[in-house]
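A structural walkthrough
Residue strings, one per chain:
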Amino acid sequence: QVQLVESGGGLVQTGGSLRLSCSPSGRRFDARAMGWFRQAPGKEREFVSGISWDSRNTAYADAVKGRFTISRDESEIFLQMDSLKPEDTAVYYCGAAKYGAVYRRADGYEFWGRGTQVTVSS
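Given the structure is predicted, the values throughout are model-derived calculations rather than measurements. (Residues numbered from 1 in each chain as written. Predicted model: local features only at pLDDT ≥ 70, side-chain atom pairs only at ≥ 80, totals over all residues. Heavy atoms only, no water.)

With respect to the state of the cysteines
- In total, this model carries one disulfide according to the counting rule given.
- There is a disulfide in this structure between Cys 22 and Cys 94, and the S-S distance comes to 2.1 Å. Linking Cys 22 and Cys 94, the disulfide has an S-S dihedral of approximately -75 degrees and is accordingly described as left-handed. Of the two residues, Cys 22 sits in strand E3 (residues 18-25) while Cys 94 sits in strand E9 (residues 90-97), which places them 72 residues apart along the sequence. As far as burial versus exposure is concerned, Cys 22 and Cys 94 are alike and both buried. (Disulfide = S-S within 2.5 Å. Helix = DSSP H or I, 4+ residues; strand = E, 2+ residues; numbered from the N terminus. Buried < 20%, exposed > 50% of the residue type's maximum accessible area, 1.4 Å probe, protein only.)

Remarks on the pairing of strand E5 (residues 46-51)
- Judged by how many residues are buried, E5 sits mostly within the fold: five of six residues are covered.
- Between the antiparallel neighbours strand E4 (residues 34-39) and E5 lie six residues, among them Gly 42 with a positive phi of about 80 degrees.
- By the bridge criterion, three bridges tie E5 to strand E6 (residues 58-60) in an arrangement that is antiparallel. Counterpart to Ile 51 in the pairing with E6 is Thr 58.
- Taking the residues that link successive antiparallel strands as the turn, the E5-E6 hairpin has six residues, and the phi of Ser 55 there is positive, at about 65 degrees. (Pairing = 2+ DSSP bridges.)

Let's talk about the environment of Val 12
- Relative to the helices and strands, Val 12 is located in strand E2 (residues 10-13).
- The class for Val 12 is buried, based on a relative accessible area of 12%.
- In the structure, Val 12 is positioned 96 residues away from Gly 108 in sequence and 31 Å away in space, judged by C-alpha atoms.

Describing the side chain of Arg 38
- By secondary structure assignment, the location of Arg 38 is in strand E4.
- Residue classification places Arg 38 among the buried residues on the basis of a relative accessible area of 6%.
- Side chain to side chain, Arg 38 and Glu 46 meet in a polar contact 2.6 Å long.
- Among the polar contacts made by the side chain of Arg 38, one reaches the side chain of Tyr 92 at a distance of 2.9 Å.
- If near-sequence neighbours (up to four positions away) are discounted, Arg 38 is found in contact with Glu 44, Arg 45, Glu 46, Val 48, Ala 63, Val 64, Phe 68, Glu 87, Asp 88, Ala 90, Val 91 and Tyr 92. (Polar contact = N/O pair within 3.5 Å; in protein donor to acceptor, adjacent residues only side chain to side chain. Contact = heavy atoms within 4.5 Å.)

Comments concerning the nonpolar core
- Among the nonpolar cores identified, the biggest contains 33 residues, and Leu 4, Met 34, Trp 36, Phe 68, Leu 79, Met 81 and Tyr 92 are the most heavily contacted of them.
- For this core, the element with the highest residue contribution is E9, accounting for five residues. (Core = buried A, V, L, I, M, F, W, Y, C linked by side-chain atoms within 4.5 Å.)

Encoded structure:
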């Protein structure tokens, strides 16, 4: 069974940092782009960041550019989140894309994790 398991969420004050991790199991995603999306209450799931299969290309939503950094190694995908703001509060989801290029749209992703809650207090 293919699974993506997110971890690292929690409660942090404005200006703080968190590091999210995504651990795939059941299959390898070496040849696929990976991404992070988030969904706040009452809002649609939105793209946060993506990374190509070879880590050569990354993409960020304008709202997080300069504050978040995506990376990957042989087994995990990471999202370093700095200078957090209350508007970053959401459930964060890890996704495995259908192909190797970075996708900003959710329909470009085939597998999803269950999410990890990030709450930023003001």
